[in-house]
Structure formats: C-alpha cells, structure tokens
Amino acid sequence: MDAALEPWRAELPNNLFIWGQTKLPWPKEPKELDYANQLKYEAALADAGDPFMKKLRYALITFEQGWNRHYLWGYRVFNAWNKQRGMGIIVDCEQPSLEQHSMDIHIMYQSGILIWRLPYGDGKAIPKLLARIARDGDTTWNERRQQLGLKALRKRI
C-alpha cells in the first residue's frame, strides 16, 4: 500500500503493520478528518460513471436492502457498506498484498466487520461475492460481535 494514503504508517517502525498489536487509525484532528473526507471524495470521483461499479451497485441493491457506497471507516473507504450486516466491500485494481489481508483480519477481530475484496473488472466475481454474502445468512453485525466476544453496538433511542 502507498504510505501517502495511510499517514499512520509513519508512526510505526519501518512503516510496518503488526497484526494484533497495531491499533486501527482514526482521524482525531480536523486536519486528519479533512484528509479522510478527501480520500472518500476522490474515491467517489474515480467511480463516477464506471460501468463495473454501476454493475456492482445494481447487483447489491437488487440483492438486499441497506447497501451504501463510499463509506468511510477511519482512513479506509469501502466501495460498498452494509451497516446492518457490518460488511464492507473493497474493489481492488491490483492484487491485494498479504499485509492488506492481514489488516482485514485484524479489523474483523477488533470490530466484527467483514471485509470482502473484489477484483476490478471481473464480472464473474460479483455473483460469487453475492453467494458468499448469502452464505453468511442473516447474521447481523451485533450477532457477529457477540460471537467474537466483543461488546454489541448500542441501539440509538
């Protein structure tokens, strides 16, 4: 991953992500939040009018309710997000590295969020992704968090 897109790497020795020991980064100052929102804006501009992204959005919307696009989680921008299920989809233009998969697993055990990676332009990958999501059944984010021993999210009144 490009270190410029992940400013927290400068804090780590040799810019290395250590699974299970590295806290997930969140923007804390207004300048950091502006940078995170800029990443989201740039992702939205890059996806505007893209036929593959349109196909993905249409497939998700017709599959089930609750899918949003370009959701910001810390410094990460999910191409699609389902809050009820606690699932994020990232469309990769390049083959993801082992470090990226390691971070996805880290996020799963720290927050209960499932992250699915989809190769860009592979039309056969979308039905496979929908089948994986359907295989998960009706598991909600709170249920997954309880299964992992994490605190359930508070309900808003």
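On a predicted model such as this, the values are computed, not experimentally measured, just so you know.

Any details on a positive patch on the surface? Residues and values, ideally.
There is a patch of like positive charges on the surface, built from Lys-124, Lys-128, Arg-132 and Arg-135. Checked against the element boundaries, Lys-124 lands in the loop between β4 (114-119) and α4 (125-135).

Any details on the confidence of the model for the protein? Residues and values, ideally.
Overall, the predicted model of the protein reaches an average pLDDT of 78, with 81% of residues at or above 70. Confidence, expressed as mean pLDDT per element, reaches its minimum in the protein at helix α3 (residues 98-111) with 81 and its maximum at helix α2 (residues 51-63) with 91. Contacts for the low-pLDDT stretch residues 1-13, under 50 throughout, to residues beyond four places or in other chains number 20 contacts.

Got a sec to walk through α3? Specific residues and values, please.
Look at α3: 20 Å from first C-alpha to last across 14 residues, which is about the 20 Å you get at 1.5 Å a residue. On its buried face, α3 is in contact with β1 (67-73), β2 (76-82), β4 and α5 (141-147). Positive phi appears at Gly-112, one or two residues downstream of α3, with a value of about 85°.

I'd like a description of unusual backbone geometry, backed by residues and values.
In this structure, His-70 is a non-glycine residue whose phi angle is positive, near 55°. Relative to the assigned elements, His-70 resides in strand β1. A relative accessible area of 6% places His-70 in the buried class.

Mind laying out the pattern of salt bridges, listing which residues take part and the relevant values?
Within this structure, the stated rule accounts for three salt bridges. Arg-85 is the salt-bridge partner of Glu-64, the closest N and O atoms lying 2.7 Å from each other. Of the two residues, Glu-64 is situated in the loop between α2 and β1 and Arg-85 in the loop between β2 and β3 (87-92); the sequence distance between them amounts to 21 residues. The exposure class of Arg-85 is buried, given its relative accessible area of 8%. Taken together, the shared-partner salt bridges connect Asp-92, Asp-104 and Arg-117 into one network.

How would you explain the nonpolar core if you had to name every residue and give the values?
Core analysis: the largest hydrophobic core is formed by 19 residues, its most contacted members being Leu-56, Leu-60, Ile-89, Leu-118 and Ile-133. When neighbours within four sequence positions are excluded, Ile-89 is seen to be in contact with Leu-56, Leu-60, Trp-67, Phe-78, Asn-79, Ala-80, Trp-116, Leu-118, Leu-129 and Ile-133.

Can you explain the side chain of Asn-82? Please cite residues and give values.
Here Asn-82 is to be found in strand β2. Within the structure, Asn-82 has its side chain in polar contact with the side chain of Glu-64 (distance 3.4 Å). Sequence-distant contacts of Asn-82, that is, excluding residues within four places in its chain, are made with Glu-64, Gln-65, Gly-66, Trp-67 and Met-87.

Parameters and conventions
Along each chain, residues carry numbers from 1 onward, in the same order as the chain's sequence is written. Local features in a predicted model are, by the rule used here, given only for residues with pLDDT of at least 70; side-chain atom pairs are given and counted only at 80 or more, and totals for whole chains, interfaces and linings are based on all residues. Side-chain calculation: all heavy atoms of the structure are included, whereas hydrogens and water are not. Only residues above 30% relative accessible area that lack a salt bridge enter a patch, with like-charged residues linked at up to 9 Å and the nonpolar side chains Val, Leu, Ile, Met, Phe, Trp and Tyr linked at up to 5 Å. Each accessible area is a Shrake-Rupley estimate made with a 1.4 Å probe; only the visible protein chains count as cover when residues are assessed. Take a side-chain nitrogen of Lys or Arg and a carboxyl oxygen of Asp or Glu: if they are within 4 Å of each other, that pair is a salt bridge. Asp and Glu count as negative and Lys and Arg as positive, but His and the ends of the chain are not part of the count. Each charge is placed at NZ for Lys, CZ for Arg, CG for Asp and CD for Glu. Numbering goes from the N terminus for both helices and strands, where a helix is a DSSP run of H or I of at least four residues and a strand is a run of E of at least two. Scored between 0 and 100, pLDDT is the confidence that the predictor attaches to each residue. Any pair of residues with heavy atoms lying within 4.5 Å of one another is described as a contacting pair. One less than the number of residues in a helix, times 1.5 Å, gives the span that helix is expected to have. Accessibility here uses a 1.4 Å probe with only protein chains present; expressed as a share of the type maximum, an area under 20% marks a residue as buried, one over 50% as exposed, and anything in between as partly exposed. Definition of nonpolar core: a set of buried residues of the types Ala, Val, Leu, Ile, Met, Phe, Trp, Tyr and Cys, connected through side-chain atoms within 4.5 Å. Polar contact is the term for a pair of N or O atoms within 3.5 Å; when the atoms are in protein, one must be able to donate a hydrogen and the other to accept it, and sequence-neighboring residues count only if both atoms are side-chain atoms.

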